[in-house]
Amino acid sequence: MPYTVPKLTDYSPAALEHAAAECLRACSEEASAVPNDAELKAFRDRWMARKSGILTQINDLWLKGAPREAKRDAGIRMNELKARIQELVENARVTVGDLAKDSAGRVDISMPGTRRPIGAEHPVLRASREMCAVFQRMGYSIAEGPVVETDYYNFEALNFPPNHPARDTQDTLFIAGQDSKPQRERLLLRTHTSPVQIRTMEKLCPPIRIVIPGVVHRNDPPDASHSPMFHQIEGLAVDTNITFGDLKGTLDHAMKEFFGSNVKTSFRPSFFPFTEPSAELYISCFICGGSGRRGSDPCRPCKQTGWIEALGCGMVDPNVFEFVKDNGYDPKKVSGFAFGMGADRIAMLKYGVDDLQLFFHGDVRFLEQWA
Ligand code: PHE
């Protein structure tokens, strides 16, 4: 039965509400089942025609017929209803499935189908996956570990003793209500992916070569280069006779694979409790070619230095091996190197994104660029 406008006898708010809802429901039902262009026009006329369209009937029957005390209320409600109906009518389209039919009802299979956009890999995950793939091609496997970690794995076994000042640099977010536990069992959000070094060495005997992608947290307010949640890629290689030369060669190769073969690397002394010696790896700025300038402008990504900090690294500290000694990691027999980089950071560099926050806003227009 097509919808007809009923006469109103009851003008109570509840009755008005009910009548308006019925009318809207009918309109939206009709709007969603318009089979072709001719019907679309008929549908519009039926609801909107000046002379005897349903909107006009509503005006005549409901508003003009309203008793004086109900006029104001009914007027407000009718205006709302009219606006909604107008919207429905204006937005009504011929139903998609029938678009492909010509006037004789034959299907035109050359018409474009319904587009169902598929998702795209997030740029940070893509950069992370590509960087891991570089190492996988060198024989590394992927390892993972928990985001909620114990103090032991995040700090103690990585040679940050309790109360050591190096812990302060990690801006740790602690899980509440852990005070009754011994310190090493207290839970926190891991501040780096390095705890997975220990977890993996507990499970696998040497030699090992692993890359560890994952989410980490630090108590940093968000800005263009910081976020309380970000991503890292860790690496660890342990065997007999691994040297700093292996570290340099491996990372130099990885940077060239990832950023381009023209990239040069530079190692500068640094400090991490779990590596000795430690270094920061800089890569020559692949945006300005190391000159620090882009034409007459200063190069921003490298702050005009021609070099960009890419990661932290170093030779595994023998104190770290002491914690997994029983699984074949005798510091007198094995040696290794480790490195850790920000996945968000290398994604920003590779894709030329200048604000870290863009990765976390979820704006489809931004993310579509990687589709
Ligand atoms: N975990 C360190 C950090 O987050 C990076 C690092 C990893 C340094 C491995 C050396 C070796 O800052």
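Structure: above.
Residues numbered from 1 in each chain as written. Predicted model: local features only at pLDDT ≥ 70, side-chain atom pairs only at ≥ 80, totals over all residues. Heavy atoms only, no water.

Let us now look at the sheet that holds strand E7 (residues 275-284). Pairing in this open sheet of 7 strands is mixed, and the strands run E1-E4-E5-E11-E10-E7-E6 from one edge to the other. Since the sheet does not close on itself, it has two edges, and those belong to strand E1 (141-142) and strand E6 (265-272), each with one partner. Pairing between strand E4 (residues 208-217) and strand E5 (residues 229-239): 10 bridges, direction antiparallel. Paired with Arg-209 across the two strands is Ala-237, which belongs to E5. (Pairing = 2+ DSSP bridges. Helix = DSSP H or I, 4+ residues; strand = E, 2+ residues; numbered from the N terminus.)

Turning next to the packing of helix H1 (residues 13-31) against helix H2 (residues 37-48). Helix-helix packing: each pair is described by the crossing angle between the helix axes and the interaxial distance. Close contact between H1 and H2 brings their axes to 11 Å; oriented N to C, the two are set at 165°. Comparing their axes, H2 and H1 come out roughly antiparallel. Note that H1 runs across H2; the crossing there is left-handed. Contacts between H1 and H2 pair Cys-23, Ala-26, Cys-27, Glu-30 and Ala-31 from the former with Phe-43, Arg-46 and Trp-47 from the latter. Considered class by class, the residues forming the contact of H1 with H2 number 6 nonpolar, no polar and 2 charged. (Axes fitted to C-alpha atoms, helices over the stretch in contact; angles between N-to-C directions. Parallel < 35°, antiparallel > 145°, perpendicular 65-115°, else oblique. Left-handed = near helix turned anticlockwise from the far one by under 90°. Contact = heavy atoms within 4.5 Å. Nonpolar A, V, L, I, M, F, W, Y, C, P; charged D, E, K, R; others polar.)

Attention now goes to the site of the ligand. What surrounds the ligand is a group of 14 residues, the closest being His-192, Ser-194, Arg-218, Gln-232 and Gly-340. Within the side chain of Gln-232, a nitrogen or oxygen atom sits 3.0 Å from an oxygen atom of the ligand. Look at the ligand: alone it shows 330 Å² of surface, and the protein chains cover 92% of it. Contributions of two or more residues to the shell around the ligand are made by E5, strand E10 (307-316) and strand E11 (335-342). It is E11 that provides the largest number of residues to the shell around the ligand, a total of 3 residues. For the shell around the ligand, the residue count by class is 5 nonpolar, 7 polar and 2 charged. (Near = heavy atom within 4 Å. Polar contact = N/O pair within 3.5 Å; in protein donor to acceptor, adjacent residues only side chain to side chain. Areas by Shrake-Rupley, 256 points an atom, 1.4 Å probe, with all protein chains shown as cover.)

Moving on to the packing of aromatic side chains. A full pass over the atoms with the stated rule returns 15 aromatic pairs. On the basis of an interplanar angle of 25° and a centroid distance of 4.9 Å, the ring pair of Phe-135 and Phe-339 is categorised as stacked. Taken together, the residues Phe-135 in helix H6 (residues 123-136) and Phe-339 in strand E11 connect sequence positions 204 residues apart. A relative accessible area of 1% places Phe-339 in the buried class. Summarising the aromatic geometry, the rings of Phe-321 and Tyr-329 are spaced 6.0 Å apart at their centres and angled 15° between planes, so their arrangement reads as stacked. For Phe-321, a relative accessible area of 2% translates into the label buried. Among the aromatic side chains, those forming a connected cluster through ring pairs are Phe-155, Phe-160, Phe-272 and Phe-274. (Phe/Tyr/Trp six-rings, centres within 6.5 Å; stacked < 30°, edge-to-face > 60°. Buried < 20%, exposed > 50% of the residue type's maximum accessible area, 1.4 Å probe, protein only.)

Bringing the nonpolar core into the picture now. Grouped together as the largest cluster of nonpolar side chains are 43 residues, with contacts concentrated most on Phe-135, Met-255, Leu-311, Phe-339 and Met-341. Excluding residues that lie within four positions of it along the chain, Met-341 makes contacts with Met-131, Phe-135, His-231, Gln-232, Ile-233, Met-255, Ala-310, Leu-311 and Ile-346. If you look at the next biggest cluster of nonpolar residues, it comprises 29 residues, including Tyr-3, Leu-8, Trp-47 and Ala-92. (Core = buried A, V, L, I, M, F, W, Y, C linked by side-chain atoms within 4.5 Å.)

This next bit is on helix H8 (residues 195-203). Residues lying three or four places apart along an α-helix face the same way, a consequence of the helix completing one turn every 3.6 residues. Within the sequence span of H8, burial applies to Pro-195, Val-196, Gln-197, Ile-198, Thr-200 and Met-201. Among the structural elements, strand E2 (148-150), helix H7 (151-154), E4, E5, helix H10 (318-322) and E11 are those in contact with the buried residues of H8.

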